[in-house]
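What follows is each chain in one-letter form.
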Amino acid sequence: QVHLVESGGGLVQAGGSLRLSCTASGRIGSTYTMGWFRQAPGKEREFVAAIRRRDGGNYYADAVKGRFTIFTDYVQNTIYLQMNSLRTEDTAVYYCAADSHSERNYYSDYVYDFWGQGTKVTVSS
């Protein structure tokens, strides 16, 4: 039902900032959960951040807490990930995801029904 497209990836120096966006073709309803995940070369996909529209709760992985911020423009059906103080270990393909329910297990990728194709972020030293 929902088609997601990420953008904003690229090459950035360590300590720099980057903003990723993910636009949904379908409307993000009032009960949706939106998330960001990433997969580094040779590693498994991991949770980065999520937001639940119903209660407005924002959640972050420990590795990005204090550096990354997730927010959503519901009018434009777009979710953003603002990344500051980037480190080389942040290098990965970043994926946005959506689910039509207010998920308590927002950190688990299996609960999401819709996924984007990913956008690559490379942080140089």
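Here, every reference points to the structure presented above.
Residues numbered from 1 in each chain as written. Predicted model: local features only at pLDDT ≥ 70, side-chain atom pairs only at ≥ 80, totals over all residues. Heavy atoms only, no water.

Colleague: Break down the side chain of Thr72 for me, citing the residues and quoting the values.
Modeller: The topology assignment puts Thr72 in strand β7 (residues 68-73). According to the relative accessible area criterion, Thr72 is buried, its value standing at 16%. What Thr72 contacts, discounting residues up to four positions off in sequence, is Ile28, Ile51, Thr78 and Ile79. (Helix = DSSP H or I, 4+ residues; strand = E, 2+ residues; numbered from the N terminus. Buried < 20%, exposed > 50% of the residue type's maximum accessible area, 1.4 Å probe, protein only. Contact = heavy atoms within 4.5 Å.)

Colleague: Which residues make up the state of the cysteines, and what values go with them?
Modeller: What the rule picks out here adds up to one disulfide. One disulfide bridge connects Cys22 with Cys96, the sulfur atoms lying 1.8 Å from each other. In this structure, the disulfide formed by Cys22 and Cys96 twists by about 50 degrees around the S-S bond and is classed as right-handed. Of this pair, Cys22 sits in strand β3 (residues 18-24) while Cys96 sits in strand β9 (residues 92-99), and the two are 74 residues apart along the sequence. Of the residues examined, Cys22 reaches a relative accessible area of 1% and is grouped as buried. Judged by its relative accessible area of 0%, Cys96 falls in the buried class. (Disulfide = S-S within 2.5 Å.)

Colleague: Residue-level account of the sheet that holds strand β1 (residues 4-7), with values.
Modeller: Spatially, the four strands line up as an open sheet ordered β1-β3-β8-β7, and their pairing is antiparallel. Edge positions in the sheet fall to β1 and β7, since each has one partner strand and no second. With strand direction ignored, the average angle separating the axes of adjacent strands in the sheet is 15 degrees. With six bridges joining them, β7 and strand β8 (residues 78-83) adopt antiparallel strand pairing. For Thr69, the partnering residue across the bridge sits in β8 and is Gln82. (Pairing = 2+ DSSP bridges. Axes fitted to C-alpha atoms, helices over the stretch in contact; angles between N-to-C directions.)

Colleague: Describe in detail the pairing of β7, supporting the description with residues and values.
Modeller: Only one face of β7 is covered, namely the face carrying Phe68, Ile70 and Thr72; the face carrying Thr69, Phe71 and Asp73 is uncovered. Taking the residues that link successive antiparallel strands as the turn, the β7-β8 hairpin has four residues, and the phi of Asn77 there is positive, at about 55 degrees.

Colleague: I'd like a rundown of the packing of aromatic side chains, residues and numbers included.
Modeller: The geometry of an aromatic ring pair is captured by two quantities: the separation of the ring centres and the angle between the planes. By the definition in use, this model includes eight aromatic pairs. Residues Phe37 and Tyr112 carry aromatic rings whose centres are separated by 5.4 Å and whose planes lie at 80 degrees to one another, so their mutual orientation is edge-to-face. Of the two residues, Phe37 is situated in strand β4 (residues 33-39) and Tyr112 in the loop between β9 and β10 (114-115); the sequence distance between them amounts to 75 residues. Like Phe37, the residue Tyr112 is buried in the burial classification. Considering the side-chain rings of Phe47 and Tyr106, the 5.8 Å spacing of their centres and the 55 degrees angle between planes classify their relative orientation as tilted. Linking Phe47 in strand β5 (residues 46-52) with Tyr106 in the loop between β9 and β10, this pair joins segments that are 59 residues apart in sequence. For the pair Phe47 and Tyr106, one class covers both residues: buried. Following the ring pairs from residue to residue traces out a cluster consisting of Phe37, Phe47, Tyr59, Tyr106, Tyr107, Tyr112 and Trp115. Lying across the ring of Tyr80, Arg19 places its NZ or CZ 6.0 Å from the centre. (Phe/Tyr/Trp six-rings, centres within 6.5 Å; stacked < 30°, edge-to-face > 60°. Lys NZ or Arg CZ within 6 Å of the ring centre and 35° of its normal.)

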